[in-house]
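What follows is the residue order along each chain.
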Amino acid sequence: LVAASSALFSRLTLGSFSGIKAGFDDKDRPSLRCVRADGTTEVDVAGLSDGTRDQLYLSLRLASLVRRAGVAESMPLVLDDVLIQLDDQRASAALGVLAEVSRTMQVLFFTHHARLVELARASVPASDLVVHELVSGPYATQAAAVVAG
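Just so it is clear, the model here is predicted, and its values are computed rather than measured.

A.B. asks: Is there a simple way to think about the nonpolar core in this case?
C.D. replies: One broad rule of soluble globular proteins: the nonpolar side chains tend to lie buried together. Core analysis: the largest hydrophobic core is formed by 27 residues, its most contacted members being L62, L77, L79, L83, L95, L98 and F109. Secondary-structure elements contributing two or more residues to this core are α1 (2-12), α2 (50-69), β4 (77-80), α3 (88-101), β5 (107-111) and α4 (114-123). Setting aside anything within four residues of it in sequence, one finds L98 in contact with L62, L77, L79, V107 and F109. In terms of nonpolar packing, the next biggest core, distinct from the first, is built from eight residues, F9, I20, L48 and L56 among them.

A.B. asks: It is not clear to me how the confidence of the model for the protein should be interpreted in this structure. Could you clarify?
C.D. replies: Low pLDDT marks regions whose predicted coordinates should not be analysed in detail. On average, residues of the protein score 89 in pLDDT, and 91% of them reach the 70 mark or higher. Summarising per-element confidence for the protein, the mean pLDDT is lowest in strand β7 (residues 144-148) (54) and highest in α1 (96).

A.B. asks: Would you explain the packing of α3 against α4 in this entry?
C.D. replies: When two helices pack together, their arrangement is given by the angle between their axes and by how far apart the axes lie. Between α3 and α4, the least distance of the axes is 9 Å, while the angle of their chain directions is 55 degrees. When the axes of α3 and α4 are compared, the pair comes out oblique. Crossing geometry of α3 relative to α4 is assigned as right-handed. Facing α3, whose interface residues are D88, A91, S92 and L95, α4 presents R115, L116, L119, A120 and S123.

A.B. asks: What is the right way to read the pattern of salt bridges from this model?
C.D. replies: When the charged atoms of two side chains with opposite charge come close together, those side chains can pair. Applying the stated criterion across every chain, the model contains 11 salt bridges. Notably, a salt bridge pairs E118 with R115, separated by 2.8 Å at the nearest N-O pair. Of the two residues, E118 and R115 are both situated in helix α4; the distance of three residues between them amounts to about one turn of the helix. Bridged by salt links that share partners, the residues K21, R33, E42 and D44 form one connected network.

Reading the values: rules and limits
Residues numbered from 1 in each chain as written. Predicted model: local features only at pLDDT ≥ 70, side-chain atom pairs only at ≥ 80, totals over all residues. Heavy atoms only, no water. Core = buried A, V, L, I, M, F, W, Y, C linked by side-chain atoms within 4.5 Å. Buried < 20%, exposed > 50% of the residue type's maximum accessible area, 1.4 Å probe, protein only. Helix = DSSP H or I, 4+ residues; strand = E, 2+ residues; numbered from the N terminus. Contact = heavy atoms within 4.5 Å. pLDDT = per-residue confidence, 0-100. Axes fitted to C-alpha atoms, helices over the stretch in contact; angles between N-to-C directions. Parallel < 35°, antiparallel > 145°, perpendicular 65-115°, else oblique. Left-handed = near helix turned anticlockwise from the far one by under 90°. Salt bridge = Lys/Arg side-chain N within 4 Å of Asp/Glu carboxyl O.

Below, the structure written as structure tokens:
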């Protein structure tokens, strides 16, 4: 699980981090450390930016769900505005990863950010993407749900 999460984390961070290490902190509690691209610098989860922390949690979730899908019936993955802390390049990378995951399980990605919908259209093959825009109701302004898979 850590190896799969590490590979995903590296992709989601566009190589800024090479992976994740599981270990124990100075009080002998389980901990995760994120390894920078240089392979030696480690960053504690608390030391990550909000966006990088979101990428870490997404990589852990995806690795867990893909692993489960390999041994049992897959369940849909529902995500709501998980990419709002990311810049365009990292959001595009994440959308590409989600498109790949959608070949294993249904991925429902909800956002009210029109820019993320534009990035999905640019990053995800048209055959893997369905966009449903919400046009009525109190949250209709720039509301959209992106469905991959």
